[in-house]
Amino acid sequence: MKDLIIAGSGPAGLSAAVYASNAMLDFVVIEKFPMSGGQMLNTYEINNYLGFELVDGFTLGQTFRAHAEKSGAQFVNDEITSIEKIDGGYRVICGKGECEAKTVIYALGANPRKLGAKGEKDFAGRGVSYCATCDGNFFRGRPTAVIGGGDVALEDALYLANICSEVYLIHRRDEFRGAKYLQDKVLKNEKIKILYSTQVEEIRGENKVESLLLDNGDELKVDGVFVAVGIEANTALAEGICELENGFVKAGESGETTAEGFFAAGDVRTKRLRQISTSVGDGANAVHSVEEFLNKQQ
Ligand code: NAP
């Protein structure tokens with residue numbers, strides 16, 4: 001039985017891996033894809049991670065990954081299908097094998113939330129996207145819309161403004177939620193047309209997206225729509241093990257959950273500010289808690 005299994009290799013999981021190496025724990029990182037820090041990989045410009053004035057998410061992710069590998073972390077590429085409480089620890093069952101450890105750091109992050117509008121499912125991959133940096137290029141020189149008012153929506157609108165003929169930024173309120181400096185950039189960008197206090201009722205088209213029906217009755221002609229209405233934490237595998245709260249794993253700064261030896265780190269846990277920097281801090285805190293827990297067991 002290992003000391004620790006780190007589930008997930010986003011910023012929280014990779015930071016935990018570096019700290020676990022330094023703590024000389026016997027551990028493994030299980031990841032679905034190498035560097036599966038979903039949201040970070042989809043961010044084209046990061047200007048608030050200390051030491052990197054301006055960097056894209058992929059480059060920063062690879063830098064994190066290389067650091068964790070150099071520190072001696074072992075990675076297993078496999079999809080976790082379930083986690084079970086066993087005597088003295090946890091069994092993590094994956095598609096290709098399984099692994100047991102005294103503790104788990106659960107750092108599986110989050111995925112984009114669906115809008116729930118009519119037509120969204122039908123046109124997924126045919127004009128509806130959840131990742132501007134992945135799919136933006138398909139809409140070069142064409143009109144697109146971004147739905148949402150948080151950091152991701154603002155970033156997506158700015159990214160698409162470099163590529164598309166025009167970008168409608170559709171937000172349900174009259175005030176954005178995202179960072180002020182992003183708001184400032186969006187407001188100054190002539191290609192971005194903001195539709196405040198507006199909701200999308202239906203995504204329409206024949207075989208692909210052709211227009212959006214808005215709640216004021218207008219029909220907006222667009223070829224692509226980027227949904228950026230928040231995140232859904234990947235809590236499914238923690239259900240039944242520890243308590244969840246409002247769709248997140250209930251855990252404070254220490255990462256301690258309601259289950260002994262089961263710690264949560266990064267966007268998956270209840271917290272105020274979801275940033276790369278706070279996820280990196282979470283990884284460090286969770287390993288500290290793991291060490292304390294293991295010391296008490298001896
Ligand atoms: P978010 O901050 O939760 O914002 C979601 C936005 O979508 C809000 O403006 C919300 O409107 C809107 N929304 C939610 N449900 C909706 C619906 N059904 N219809 C229409 N609009 C809807 O989510 P996010 O932008 O995806 O960001 C996720 C987390 O990652 C945040 O904590 C964010 O700070 C963080 N992040 C940080 C950075 C960075 O530091 N550079 C970059 C990306 C993401 P309301 O405002 O009315 O609620």
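Refer to the structure presented above.
Now for a description of the structure that goes with this document. (Residues numbered from 1 in each chain as written. Predicted model: local features only at pLDDT ≥ 70, side-chain atom pairs only at ≥ 80, totals over all residues. Heavy atoms only, no water.)

This next bit is on the overall build of the chain. Within the chain one finds seven helices and 19 strands. Relative to a compact globule of 298 residues, whose C-alpha radius of gyration would be 19 Å, the chain shows 21 Å and is just as compact. Judged by the C-alpha coordinates and their principal axes, the chain covers about 65 × 40 × 30 Å. Burial analysis of the chain (298 residues in total) assigns 50% to the buried set. Relative to all contacts within the chain whose residues are 6 or more apart in sequence, the contacts with residues 24 or more apart total 60%. (Helix = DSSP H or I, 4+ residues; strand = E, 2+ residues; numbered from the N terminus. Rg over C-alpha atoms; globule rule 2.2 N^0.38 Å. Buried < 20%, exposed > 50% of the residue type's maximum accessible area, 1.4 Å probe, protein only. Contact = heavy atoms within 4.5 Å.)

With that out of the way, let us pick up the site of the ligand. Around the ligand, the surrounding shell holds 20 residues, and the nearest of these are D151, R172, R173, R177 and Q275. One of the side-chain nitrogen or oxygen atoms of R172 is found 2.9 Å away from an oxygen atom of the ligand. Between R173 and the ligand, the recorded distance is 2.7 Å, taken from a side-chain N or O atom to an oxygen atom. For the ligand, whose accessible area on its own is 910 Å², the fraction buried by protein is 82%. (Near = heavy atom within 4 Å. Polar contact = N/O pair within 3.5 Å; in protein donor to acceptor, adjacent residues only side chain to side chain. Areas by Shrake-Rupley, 256 points an atom, 1.4 Å probe, with all protein chains shown as cover.)

Throughout the structure, instances matching the rule amount to one disulfide. With a sulfur-sulfur separation of 2.0 Å, C131 is cross-linked through a disulfide to C134. Classification of the bridge connecting C131 and C134 rests on its S-S torsion, roughly 75°, and on that basis the disulfide is right-handed. Given a relative accessible area of 7%, C131 falls into the buried group. With no disulfide of its own, C164 lies 13 Å from the sulfur of C131, the closest cysteine sulfur. (Disulfide = S-S within 2.5 Å.)

Turning next to the nonpolar core. Counting 31 residues, the largest nonpolar core has I6, F27 and I105 as its most contacted members. For this core, the secondary-structure elements that each account for two or more residues are strand 1 (2-7), helix 1 (11-22), strand 2 (27-31), helix 3 (57-70) and helix 7 (276-297). In terms of residue count, helix 7 provides more of this core than any other element does, seven residues in total. Among residues more than four places away in sequence, those in contact with I105 are L4, I5, I6, A7, A16, F263, A265, A286, V287 and V290. A7, Y90, C99 and V268 belong to the second-largest nonpolar core, a separate cluster that totals 25 residues. (Core = buried A, V, L, I, M, F, W, Y, C linked by side-chain atoms within 4.5 Å.)

The strand order across the open sheet formed by five strands is 8-15-9-10-11, and the pairing between neighbours is parallel. The open sheet has two free edges, formed respectively by strand 8 (128-129) and strand 11 (192-195), since each of these has just one partner strand. (Pairing = 2+ DSSP bridges.)

Buried residues dominate helix 5 (residues 151-161), accounting for nine of its 11 residues. For helix 5, every residue scored as buried is listed here: A153, L154, E155, D156, A157, L158, Y159, L160 and A161. Elements in contact with the buried residues of helix 5: helix 4 (132-135), strand 9 (143-147), strand 10 (166-170), helix 6 (180-188), strand 11 and strand 15 (224-227).

Turning next to the pairing of strand 15. Alternating residues of strand 15 divide into G224 and F226 and V225 and V227, and every residue in both groups is buried. Pairing between strand 8 and strand 15: two bridges, direction parallel. Opposite S129, over in strand 15, you have F226 as the bridge partner. Inspection of the sheet shows strand 9 paired to strand 15 by four bridges, in the parallel sense. Residue pairing across strands places T144 opposite G224, the latter belonging to strand 15.

Moving on: the sheet that holds strand 14 (residues 219-221). The three strands lie next to each other as 12-13-14, forming an open sheet whose pairing is antiparallel. One side of each edge strand has no neighbouring strand; the edge strands of this open sheet are strand 12 (200-205) and strand 14. Ignoring which end each strand starts from, the neighbouring axes of this sheet average 25° apart. As defined by bridge partners, strand 13 (residues 209-214) adjoins strand 14 across three bridges and the pair is classed as antiparallel. Within strand 14, the residue paired with L212 across the bridge is L220. (Axes fitted to C-alpha atoms, helices over the stretch in contact; angles between N-to-C directions.)

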